[in-house]
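Descriptive structure summary
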Amino acid sequence: MLKTILVTGGAGFIGSNFIRFVLTEKPDATVINLDLLTYAGSLENLRDLPSADRYTFVKGDICEQEKVANILRERNVDTIVNFAAESHVDRSIHSPGVFIQTNIFGTFSLLEAARKVWLEENKQGQQDVRFHHISTDEVYGSLEPGDPAFQESNPYSPNSPYAASKASSDHLVNAYVHTYGLPATITNCSNNYGPYQFPEKLIPLIILNAVDGKPLPVYGDGKQVRDWLYVEDHCKAIWAVLEKGMVGESYNIGGENQPTNLEIIHTICSILDEKIPNLPYTPHKQLITFVTDRPGHDRRYAMNIDKIRTELGWTPDNELRKGLYATVEWYLKNKEWIKRIHEKPTYQDWLDENYSKRG
Ligand code: NAD
Ligand code: TYD
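Because the structure is a prediction, the values reported are computed rather than measured.

1. A look at the overall build of the chain
A tally of helices and strands in the chain yields 12 helices and 11 strands. For the chain, the C-alpha radius of gyration of 20 Å lies close to 21 Å, the compact-globule estimate for 359 residues. Its C-alpha atoms give the chain principal-axis dimensions of about 65 × 45 × 40 Å. A burial count over the chain gives 56% of its 359 residues as buried. Long-range contacts, defined here as pairs at least 24 residues apart, represent 83% of the contacts in the chain between residues at least 6 apart. Total accessible area on the chain stands at roughly 14,700 Å², and carbon and sulfur atoms take up 50% of it.

2. Considerations on helix H11 (residues 335-343)
Among all positions of H11, only Trp-337, Ile-338 and Ile-341 are buried. All buried residues of H11 lie within an arc of 100° about the axis, which places them on one face of the element. Counted as exposed and oriented over 90 degrees from the buried face of H11: Lys-335 and Glu-343.

3. Description of the side chain of Asn-103
Mapped onto the secondary structure, Asn-103 falls in helix H4 (residues 96-121). Apart from residues lying up to four places away in sequence, Asn-103 is in contact with Ala-85, Glu-86, Val-98, Tyr-162, Ser-165, Lys-166 and Ser-169.

4. Overview of the state of the cysteines
Per the stated rule, a full pass over the model turns up zero disulfides. With no disulfide of its own, Cys-189 lies 9.5 Å from the sulfur of Cys-235, the closest cysteine sulfur. Looking at Cys-189, the relative accessible area reads 3%, which means it is buried. Cys-235 sits in the buried class, given a relative accessible area of 1%.

5. A word on the packing of helix H6 (residues 202-212) against helix H10 (residues 320-333)
At a minimum axis separation of 10 Å, H6 and H10 run at an interaxial angle of 55°. The orientation of H6 with respect to H10, classified from their angle, is oblique. Where H6 crosses over H10, the handedness of that crossing is right-handed. Where H6 abuts H10, its residues Ile-203, Pro-204, Ile-207, Leu-208 and Val-211 lie against Leu-324, Thr-327, Val-328, Tyr-331 and Leu-332. Here the residues of the contact of H6 with H10 are counted per class, giving nine nonpolar, one polar and no charged.

6. With respect to the site of ligand 1
Neighbouring ligand 1 are 29 residues; Ile-14, Asp-35, Ser-87, Tyr-162 and Lys-166 lie closest to it. A distance of 2.8 Å separates a nitrogen atom of ligand 1 from a polar atom in the side chain of Asp-61. For ligand 1, an oxygen atom lies 3.0 Å from a polar atom in the backbone of Phe-83. Within the complex, the protein chains bury 97% of what would otherwise be the 830 Å² of accessible surface of ligand 1. Residue assignment for the shell around ligand 1 shows that the elements contributing at least two residues are helix H1 (13-25), strand E5 (130-136), helix H5 (161-180) and strand E7 (191-193). The element best represented in the shell around ligand 1 is E5, accounting for three residues. Its residues assigned to classes, the shell around ligand 1 shows 13 nonpolar, 12 polar and four charged.

7. Focus: the site of ligand 2
Taken together, 16 residues surround ligand 2, and among them Glu-138, Pro-217, Arg-226, Arg-294 and His-297 come closest. Between ligand 2 and Tyr-219 there is a distance of 2.9 Å, counted from an oxygen atom to a backbone nitrogen or oxygen. The separation between an oxygen atom of ligand 2 and a polar side-chain atom of Asn-261 is 2.9 Å. The element that contributes the greatest number of residues to the shell around ligand 2 is strand E8 (residues 216-219), accounting for three residues. Here the shell around ligand 2 is built from residues that sort into six nonpolar, five polar and five charged.

8. Points about unusual backbone geometry
Cis geometry marks the peptide bond from Thr-282 to Pro-283, where omega comes out at 0°. Note on placement: Pro-283 falls in the loop between helix H8 (261-275) and strand E11 (288-291). At Ser-51, a position not held by glycine, the phi torsion is positive, near 50°. Here Ser-51 lies in the loop between strand E2 (30-35) and strand E3 (55-59). Looking at Ser-51, the relative accessible area reads 25%, which means it is partly exposed. A positive phi angle, close to 50°, is found at Asn-76, a residue other than glycine. Summarising the element assignment, Asn-76 is placed in the loop between helix H2 (65-74) and strand E4 (79-82). With relative accessibility at 57%, the residue Asn-76 sits in the exposed group.

The rules behind these values
- Residues numbered from 1 in each chain as written.
- Chains lettered and ligands numbered in written order.
- Predicted model: local features only at pLDDT ≥ 70, side-chain atom pairs only at ≥ 80, totals over all residues.
- Heavy atoms only, no water.
- Helix = DSSP H or I, 4+ residues; strand = E, 2+ residues; numbered from the N terminus.
- Rg over C-alpha atoms; globule rule 2.2 N^0.38 Å.
- Buried < 20%, exposed > 50% of the residue type's maximum accessible area, 1.4 Å probe, protein only.
- Contact = heavy atoms within 4.5 Å.
- Areas by Shrake-Rupley, 256 points an atom, 1.4 Å probe, with all protein chains shown as cover.
- Arc of directions from axis to C-beta.
- Disulfide = S-S within 2.5 Å.
- Axes fitted to C-alpha atoms, helices over the stretch in contact; angles between N-to-C directions.
- Parallel < 35°, antiparallel > 145°, perpendicular 65-115°, else oblique.
- Left-handed = near helix turned anticlockwise from the far one by under 90°.
- Nonpolar A, V, L, I, M, F, W, Y, C, P; charged D, E, K, R; others polar.
- Near = heavy atom within 4 Å.
- Polar contact = N/O pair within 3.5 Å; in protein donor to acceptor, adjacent residues only side chain to side chain.

Purely geometric numbers; function is a separate question.
Structure follows, in structure tokens:
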């Protein structure tokens, strides 16, 4: 089991960390990375991979069903881990169409390829193959202060176009388990942070803006709460589910820390004050700027991780301040990566160039 893994979206933030984790920690595994290289995906995230002989990159779209089916056939893929997605809530508010296309239709297309090749052509069963879908805590909606953390049994109640597209893809995965017997699992994870995160998300955006002396935008009152997880812990959790997770089950993953956005920003500023004290804009917190809130902004997420902890023995290793410290250090050290990421086409250029062609 788990010998030949098709990772989709492996040039993105979490996917690239997962590939590095697998190639470093799991000597029996081979990885094929299928990625469209959108504005958010970059081969810069995969430079200097260890064990390059166990790794192949294929540029392509998860919506291209026959291409995916051919990879499954030709490479004898036994495991699919689907990271490929449009992942940024703000962009889903301005351009929801591409989220529907990639996150819903793309997942459907992957499921179909797996059903045809694994179940119809090869007659493979639960012991032979596994489809693992990467999802989010945002499918559960928003918590009020004092509400208990999300459990796997919570009803889905997504609020943003991003969250709704991910909820929809989760439902499709479950439908393929129940209808066709496709051996699939889902993980719903909270907000990740760490190396290689595209600087449109809160933590890398704040680090890079602060280093450049630019404003640090806080949406609304900044008292929204997220449950932050260091990306390496997420990768380990996914592996635990691949190895020990039960077909048809979903597992919540989270970091068991729920600071407000303002607290996160203050912590980043204080780490930067310590690491680069001689800049003209130290203390960095003077750069904090309150801006108009995100429409429909979810107030609070928190994950109950009892199921994965008790059933699969996974627990997060990296405490928040330690993980933030490592992340700030990584962005300070990797200036060449930042330069190259900023040279990529913008999101709008990418949409104009690619999405219009997909109709
Ligand atoms: P990301 O935006 O950094 O990376 C997404 C990757 O998918 C990119 O490399 C992109 O090129 C690729 N991609 C997009 N459309 C594609 C398509 N049609 N075909 C093939 N490849 C395509 O995203 P991320 O933050 O690494 O998130 C990865 C997954 O984890 C997503 O499914 C996301 O919903 C989920 N997730 C993310 C977080 C988080 O905090 N970042 C939390 C929970 C779940
Ligand atoms: P983000 O990283 O976009 O993740 P998500 O929306 O999936 O949780 O945002 C994290 C939180 O930070 C969210 O409450 C929105 C807020 N935020 C800001 O206040 N300012 C910003 O510039 C960004 C990008 C996010």
